[in-house]
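Here is how the chains run, residue by residue.
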Amino acid sequence: MNHESQDRKARIAKIKRYKQLKRLQQCRRKTRLNIVAAKMLTYASVPVLSLSPSLDNGSLAEARGYNNEEMIIATDKVVDIKHLQTVALNNYDISTAVNNIVANDGAEFLAQLNRRFSDISSRPKGRERKAYTSELYGNINYCNMAVVQTLKDTDTDYLADFLNNLQNPALCQSFIKYIEQTHPDCIRYADDISRTELKKGDILVMNVSRRNQSSAITSSGKHTVTYDGEDLISFNSESRYKPSHESGHIINMDKIREKELRRKLQTMSKTEAVFYLISLENKTQLAQSKTKVLSPQILAQNVSIGGR
């Protein structure tokens, strides 16, 4: 009986791995298809063909295997621009784009948070560090403020309303109440953080610190940290440590990003939504060109078939 039970568990695990692999492959295919669609939309939008990306058969062959022969365009024939745009729009998968943008923005948030952590912790403790953090955040306990400011520095405008409407961003308790009001399904309470599942990028507002670093705790007894996949990143004490037996609220920032982005897309037409998502997926190029508007010319110069 025990042998049968082990075989059954092994079969279930194999099925789960297979399903996970298929989902990953499907996501990659849809991502590549979105990249092709983005190039096609650029081609349809740029009146001067010299500014358009190269739409050779080799590039568009990325779309093979999707049971959509319309995505394969012969370059030696005249292409109807409106038809090209329609095909690209119909083949652009918004859900895949949203998932990729949320993941990329979450990764950039953690990268910036680590840069800011290193910047502060590299300075000598005492007056020099205190003076520096006071310049950044004021003469306050800044564990929550550092996280909120990093969110503002790294996330795009679909989070602007959410972040700008937060009152008293320096207060950990205010952050908890704000999330409970705006996204109650994105926050949960854990009696023992070490015994609950954490997701990379989660923000935690803990009740008690057992690290004997009272300077890290705000007057309310709360302390905000961020989970980077392995450790908790702590500001106002500039320390890293493993989740322990502390209790507190866990905020799923990726879920908030997804909800806020989808909320903004609901106000747009399909065409507007697709171009907006293409802009978000090319934030690096936009930042380099110091613009928030992704014109067809900029897209033509920067969208690569290699993609993410």
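Everything discussed here concerns the structure shown above.
Definitions and cut-offs
- All residue numbers refer to positions counted from 1 along the written sequence of the respective chain.
- This being a predicted model, a pLDDT of at least 70 is required before a residue's local features are given, and a value of 80 or more before pairs of side-chain atoms are given or counted; all residues contribute to the totals for chains, interfaces and linings.
- The side-chain values count all of the structure's non-hydrogen atoms but skip hydrogen atoms and water molecules.
- Accessibility here uses a 1.4 Å probe with only protein chains present; expressed as a share of the type maximum, an area under 20% marks a residue as buried, one over 50% as exposed, and anything in between as partly exposed.
- Runs of H or I in DSSP of at least four residues are treated as helices and runs of E of at least two as strands, each being numbered from the N terminus.
- The pairing criterion is simple: DSSP has to find at least two bridges between the two strands.
- In this description, a line fitted to the C-alpha atoms serves as the axis of each element, helices being fitted only across the stretch in contact, and the angle between N-to-C directions of two axes falls anywhere from 0 to 180 degrees.
- In this text, buried Ala, Val, Leu, Ile, Met, Phe, Trp, Tyr and Cys residues form a nonpolar core when linked through side-chain atoms within 4.5 Å.
- By this rule, a helix spans an expected 1.5 Å times one less than how many residues it contains.
- The working definition used for a salt bridge is a side-chain nitrogen of Lys or Arg within 4 Å of a carboxyl oxygen of Asp or Glu.
- Only Phe, Tyr and Trp rings take part, Trp by its six-membered ring, and two of them pair if their centres are within 6.5 Å. Stacked means planes under 30 degrees apart, edge-to-face means over 60, and tilted covers everything else.

K.L.:
How would you summarise the pairing of strand β2 (residues 203-206) if you had to cite specific residues and measurements?
P.N.:
Alternating positions in β2 separate into two faces, Ile 203 and Val 205 on one and Leu 204 and Met 206 on the other, with burial throughout. Bridge analysis of β2 against strand β3 (residues 223-227) gives 4 bridges, and the strand direction is antiparallel. Looking at β3, one finds that Val 205 is bridged to Thr 224. As paired strands, β2 and strand β6 (residues 248-251) are joined by 4 bridges and run antiparallel to one another. In the strand pairing of β6, Met 206 is matched with Gly 248.

K.L.:
If you had to explain the sheet that holds strand β5 (residues 239-241) to someone new, which residues and values would you point to?
P.N.:
With respect to topology, 6 strands assemble into an open sheet ordered β1-β6-β2-β3-β4-β5, the strand pairing being antiparallel. Only two strands of the sheet have a single partner each, and these edge strands are β1 (187-190) and β5. Neighbour to neighbour, the strand axes of the sheet diverge by 30° on average, direction disregarded.

K.L.:
Break down the nonpolar core for me, citing the residues and quoting the values.
P.N.:
Counting residues in each nonpolar core, the largest one holds 48 residues, and the members touching the most others are Ile 251, Leu 261 and Leu 277. For this core, the secondary-structure elements that each account for two or more residues are α4 (94-121), α5 (127-137), α6 (143-154), α7 (160-164), α8 (172-182), β2, α9 (253-265) and α10 (270-281). The greatest single-element share of this core, amounting to 9 residues, is contributed by α4. Ala 190, Leu 198, Leu 204 and Tyr 241 belong to the second largest nonpolar core, which has 10 residues in total.

K.L.:
I'd like to hear about α10, residue by residue, with values.
P.N.:
For α10, which comprises 12 residues, the first-to-last C-alpha distance of 16 Å matches the rise-based estimate of 16 Å (1.5 Å per residue) to within 8%. Within α10 the residues assigned to the buried category are Ala 273, Val 274, Tyr 276, Leu 277, Ile 278, Ser 279, Leu 280 and Glu 281.

K.L.:
Requested: an account of unusual backbone geometry, with residues and values cited.
P.N.:
Note on backbone geometry: most residues besides glycine have negative phi, and most peptide bonds are trans. Phi at Asn 168 is positive, roughly 50°, even though this residue is not glycine. Tracing the backbone through its elements, the reader meets Asn 168 in the loop between α7 and α8.

K.L.:
For the pattern of salt bridges, give the residues involved together with the corresponding values.
P.N.:
Under the definition given, this model contains 12 salt bridges. Between Asp 157 and Lys 264 there is a salt bridge, with the nearest N and O atoms lying 3.2 Å from each other. Here the residue Asp 157 occupies a position in the loop between α6 and α7, and Lys 264 occupies one in helix α9, the gap between them amounting to 107 residues. The class for Lys 264 is partly exposed, based on a relative accessible area of 23%.

K.L.:
Could you give me a rundown of the packing of aromatic side chains, with the residues and numbers involved?
P.N.:
Per the stated rule, a full pass over the model turns up 3 aromatic pairs. For the ring pair Phe 117 and Phe 235, a centre distance of 5.9 Å and an interplane angle of 80° mean the geometry is edge-to-face. Placement of Phe 117 in helix α4 and of Phe 235 in the loop between β4 (232-234) and β5 is noted, with a sequence separation of 118 residues between them. Owing to a relative accessible area of 0%, Phe 235 belongs among the buried residues under this scheme. Between the aromatic rings of Phe 162 and Tyr 178, the centroid separation amounts to 5.3 Å while the plane-to-plane angle is 35°, which identifies the pairing as tilted. With Phe 162 in helix α7 and Tyr 178 in helix α8, this pair connects stretches of sequence that are 16 residues apart. The pair formed by Phe 162 and Tyr 178 is uniform in burial state, with each residue classed as buried.

Fair warning: the whole summary comes from geometry, so function is off the table for now.
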